[in-house]
Amino acid sequence: MQILITNDDGIHATGLQILAEAASTFGDVLIVAPHEERSACSHAITLHAPLRLLPMHTPAMPQRFAVNGTPTDCAYLGLHEVSPRPVDLLLSGINHGPNLGVDVLYSGTVAAAMEGARAGVRSVAISLNKRTQDPAVWQRTKRAVIQILAWILSQPPLPEGRLLNVNLPVALAEKPSIMITRLGQVVYPPEVDTRRDPKGGAYYWIGGKGPVYGDEPGTDCVVIQEGQISVTPLQLDLTDTPTLQGLRSKRQLDLDAEIPARDRRGEGGA
Ligand code: MN
């Protein structure tokens, strides 16, 4: 089996190395990863600058390349150029931090797996919910990932345009279960940290402090807090079908009509 591994934390990330070690128990591993951290770059793709492929092979990982691009660039190059044969499985991660709820839309880790799904390849994003350098945590995570991958590979392939988003807690239960979840609620206080540079100009840090997770049962956020493993199926098609059915309309426009004065309905207030 040909396995392609990428991430958004960069070629030197511990999570990438651990994932490569776990995956190598299932097949031939090819690593194509960003040469530096590109977390939270979502599904960005580099179309207006040259991409370079830097061989960074090691005796243990003879197929290891860094790219001066995004996770999506890496998935694309890995799938369509670097891999010596068609890729059977794309793995992205293990991210140094969770990818829960709507945060999947910002995630470079998840985006790389989406790129795999787009190419019709079985694809999985994997994240660990806290940054850690504790070797014991990583070894336990590796053991869990091997069993999660074995379970995934025992399942029938997902329908077209689908992928799996896996989140593991650092505080895994003693005998954790794989729980199939939907995306939960992740809310960040909408803080803007305004600072001053030495010349008095304002600059900003956005994103605020840590998120507040919802407590709806059956969601990824809750399962992680309970020490279990969350597996959420995702789809590339973001169409909201129930709403689409409610909005069905063939209203015809009259582009010669007079432009109305500002309509203040719906603005609230007295
Ligand atoms: Mn990351």
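Residues numbered from 1 in each chain as written. Predicted model: local features only at pLDDT ≥ 70, side-chain atom pairs only at ≥ 80, totals over all residues. Heavy atoms only, no water.

### Brief notes about the sheet that holds strand β5 (residues 89–96)
Reading across from one edge, β3-β4-β2-β1-β5-β6-β7-β13-β8 is the order of the 9 strands in this open sheet, with mixed pairing throughout. The open sheet has two edge strands, β3 (53–55) and β8 (178–180), and neither has a second partner. Strand-to-strand twist of the sheet, defined as the mean angle between neighbouring strand axes without regard to direction, takes the value 25 degrees. In this structure, β5 lies alongside strand β6 (residues 122–128), joined through 6 bridges in parallel fashion. By the bridge assignment, Asn 95 is partnered in β6 with Ser 127. Against the sheet, helix α1 (residues 14–23) touches β1 (2–6), β2 (28–34), β5 and β6, its axis set at about 145 degrees to β5. (Pairing = 2+ DSSP bridges. Helix = DSSP H or I, 4+ residues; strand = E, 2+ residues; numbered from the N terminus. Axes fitted to C-alpha atoms, helices over the stretch in contact; angles between N-to-C directions. Contact = heavy atoms within 4.5 Å.)

### Things to note about the packing of α1 against helix α4 (residues 135–154)
One can describe the packing of α1 onto α4 by two numbers: an axis separation of 9 Å at closest approach and a directional angle of 45 degrees. It follows that α1 is oblique to α4 by the angle criterion. In terms of crossing hand, the pair formed by α1 and α4 is right-handed. Of α4, the residues touching α1 (which contributes Thr 14, Gly 15, Ile 18, Leu 19, Glu 21, Ala 22 and Ala 23) are Trp 138, Gln 139, Lys 142, Val 145, Ile 146 and Leu 149. By residue class, the composition of the contact of α1 with α4 is 8 nonpolar, 3 polar and 2 charged. (Parallel < 35°, antiparallel > 145°, perpendicular 65-115°, else oblique. Left-handed = near helix turned anticlockwise from the far one by under 90°. Nonpolar A, V, L, I, M, F, W, Y, C, P; charged D, E, K, R; others polar.)

Note that every value here comes from positions in space, so none of it alone points to a role or purpose.
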